[in-house]
Amino acid sequence: MTEPVRLSKRMSELGLSSRREADDWIAKGWVRVDGKVVSELGSKVLPHQKITVERQAAAEQSKRVTVLINKPVGYVSGQAEDGYKPAVTLIKPENRWPDDPSPEQFHPTQLRSLVPAGRLDIDSVGLLVLTQDGRIAKQLIGENSAVDKEYLVRVQYTKPGTLPDADLKKLNHGLWMDGKPLLPAKVRWQNEDQLSFTLREGRKRQIRRMCDMVGLKVLGLKRVRIGKVKLGDLPPGQWRYLGPDEQF
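Each value, and the rule that gives it
Residues numbered from 1 in each chain as written. Predicted model: local features only at pLDDT ≥ 70, side-chain atom pairs only at ≥ 80, totals over all residues. Heavy atoms only, no water. Core = buried A, V, L, I, M, F, W, Y, C linked by side-chain atoms within 4.5 Å. Buried < 20%, exposed > 50% of the residue type's maximum accessible area, 1.4 Å probe, protein only. Helix = DSSP H or I, 4+ residues; strand = E, 2+ residues; numbered from the N terminus. Contact = heavy atoms within 4.5 Å. Pairing = 2+ DSSP bridges. pLDDT = per-residue confidence, 0-100. Arc of directions from axis to C-beta. Polar contact = N/O pair within 3.5 Å; in protein donor to acceptor, adjacent residues only side chain to side chain.

Draft legend 1. Molecular detail of the nonpolar core. With 23 residues, the main nonpolar core has Tyr151, Val153, Leu171, Leu195, Phe197, Ile207 and Leu216 as its most contacted residues. Secondary-structure elements contributing two or more residues to this core are strand 9 (149–157), helix 5 (165–172), strand 13 (194–199), helix 6 (206–213) and strand 14 (216–226). With four residues, strand 9 is the largest single contributor of residues to this core. Discounting residues that sit within four places of it in the chain, Leu171 has contacts with Leu163, Ala185, Val187, Leu195, Phe197, Met210, Cys211, Val214 and Leu216. Counting residues in hydrophobic clusters, the runner-up holds 14 residues, among them Trp97, Ala117, Ile136 and Leu234.

Draft legend 2. Inspection of the sheet that holds strand 2 (residues 31–33) at higher detail. One open sheet accounts for three strands, arranged 3-2-5; its pairing is antiparallel. Two strands lie at the open edges of the sheet, namely strand 3 (36–37) and strand 5 (51–53), each paired on one side alone. By the bridge criterion, three bridges tie strand 2 to strand 5 in an arrangement that is antiparallel. The partner of Val33 across the bridge, within strand 5, is Ile51.

Draft legend 3. Main features of helix 6. For helix 6, the set of buried residues is Gln206, Ile207, Arg208, Met210 and Cys211. Structurally, helix 6 contributes buried residues whose contacts are with strand 9, helix 5, strand 10 (176–177), strand 13 and strand 14. Backbone geometry just downstream of helix 6 places Gly215 in the positive-phi region, at approximately 85°.

Draft legend 4. Quick peek at the confidence of the model for the protein. When the pLDDT values of the protein are averaged, the result is 92; 99% of them are 70 or greater. The lowest-confidence element of the protein is helix 3 (residues 55–62), averaging 79 in pLDDT; the highest-confidence one is strand 16 (residues 239–241), averaging 98.

Draft legend 5. Focus on helix 5. Of the residues making up helix 5, those classed as buried are Asp167, Leu168 and Leu171. Each buried residue of helix 5 lies within a common arc of 105° when the element is viewed along its axis, so the set occupies one face. Exposed positions of helix 5 whose direction lies more than 90 degrees from the buried face are Asp165, Ala166 and Lys169. Looking at the buried residues of helix 5, the elements they touch are strand 9, strand 12 (186–191), strand 13, helix 6 and strand 14. Note on helix 5: the residue one or two positions beyond its end, Gly174, has a positive phi of about 130°.

Draft legend 6. Representation of the environment of Val229. Structurally, the position occupied by Val229 is in strand 15 (residues 229–230). For the pair Val229 and Pro184, spaced 45 residues apart in the sequence, the C-alpha separation amounts to 21 Å. Setting aside anything within four residues of it in sequence, one finds Val229 in contact with Leu68, Leu127, Val224, Arg240, Leu242, Glu246, Gln247 and Phe248.

Draft legend 7. Seen up close, the side chain of Arg240. Locating Arg240 in the fold gives a position in strand 16. On the basis of relative accessibility, which here comes to 8%, the residue Arg240 falls in the buried class. Looking at Arg240, its side chain comes within polar contact range of the side chain of Glu246, at 2.9 Å. Sequence-distant contacts of Arg240, defined by excluding residues within four places in its chain, comprise Thr66, Val67, Leu68, Trp97, Asp100, Val229, Lys230, Leu234 and Glu246.

Pasting the structure below:
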């Protein structure tokens, strides 16, 4: 990489901020390239140039919260649609998990720009992440995200007998969706009617469609882990803060 690239893109690549944050900081004069303030949006840099940010930017970033919620059935992950409420409407003091160990105090400003980093279908439940931090959003849903996600899926086989081992192997690797091969997954039986799926991608309704391809009907789907962060004992409809010592 020797061509100049947009400063905001380079900052995102280096993990300093999201592109949107970078543009905001550049406009505020909080970004230096080789020690000089660069405040013009669209400025370009070369890969060897040193980029630093002022302390105000780091302080602003540290105030951004990330919230974990156990999404119930009937809530959409993002914008309200078809009369269904978005999961963010559950983020209020009375729904905070009483056992949340975080010292963070709730304030309504934390709801500003609090967006889902990944989605769960309306009829799926479990761990949903909402964040104000562009770095976390990029880590979880960026093009090069390597964070795996684990789901417990209750299924019913719609053909006579039981699911053949060959079809279980297909769920692990070998299925195609929308004209593209799916990345390898880890799929194993938890008990006689429940599978564990661990995926590194999240195409729309992926698990339900994968199951359909091998004759399995999904009766229930729950996300229990994203990277190193587990749903744990968080009750349905309640939320907690991502702790300072937790990382995906």
